[in-house]
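# Coordinates in review
Okay, here's what each chain looks like letter by letter:
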Amino acid sequence: AMLAAIADPLREEDISQIAWLLVEDWPETWLPDLGFEKINEVITYSKLGTDVPHFTKPLNLEIRPAKTADLAALAEIEARAFDPLWRHSELGLSLAKQQALSFDVACIGDTPVAFQFSSSTIRGAHLSRITVDPSTQQNGIGSALLAHALAGYALVGISTITLNTQLDNVSSQHLYERFGFQQSGERFPVWSIQL
């Protein structure tokens, strides 16, 4: 009944997909009957310590705190990097910036090419997002952002870090594992329905 009540208003807002990240398994028994399909899983990682493996930082890369004026460009990077279901809007990034432990942008010249933001947790920090423009991936920018974030955590005495990524995002898993993150064993299925 709730799904039926919101479907038409969402369509009017040009929203064509709803997803549900399950943190408990009880809905799995009836989601298929509503037309939902399991489309992915979110896997969680953790790391104790802020050590960084050797990597080569791009020479022309500057990492600095994100500014409000950067958010439109960062939302465009999100649009190029992720399907609509996974991307953040400019408004979402603005809200994240207001609550972030750290929010950094990587620039080549004056052009933003990547960013990360993190939040505080009871135990330490949660790396909420690293997004690298697809046109600049595989050049060490993600490594540089991750190393920068870890150095920032160390400065404020944080040594326990968590993050999550999608099961099908293999490149991010390789990056995190190279930096010493280990899967925690928790996986959360993502179910979706097209409106």
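Just above sits the structure.
Residues numbered from 1 in each chain as written. Predicted model: local features only at pLDDT ≥ 70, side-chain atom pairs only at ≥ 80, totals over all residues. Heavy atoms only, no water.

On to the pattern of salt bridges. Under the criterion given, the structure shown has seven salt bridges. Put simply, Lys38 and Glu41 hold a salt bridge, and the shortest N to O gap is 3.0 Å. The class of Lys38 is partly exposed, set by a relative accessible area of 44%. Among the ionic pairs, Asp51 bridges to Lys47, the shortest N-O distance being 3.2 Å. A network of salt bridges, in which partner residues are shared, links Lys38, Glu41 and Arg187. (Salt bridge = Lys/Arg side-chain N within 4 Å of Asp/Glu carboxyl O. Buried < 20%, exposed > 50% of the residue type's maximum accessible area, 1.4 Å probe, protein only.)

Alignment of strand S2 (residues 37–48) against strand S7 (residues 160–166), held across seven bridges, turns out to be antiparallel. Looking across to S7, one finds that Leu48 is bridged to Thr160. In this region the chain leaves strand S6 (residues 125–132), passes through helix H4 (residues 141–155) and returns to the parallel neighbour S7; the handedness of that crossover is right-handed. (Pairing = 2+ DSSP bridges. Helix = DSSP H or I, 4+ residues; strand = E, 2+ residues; numbered from the N terminus. Right-handed = clockwise from strand over helix to strand, strands pointing away.)

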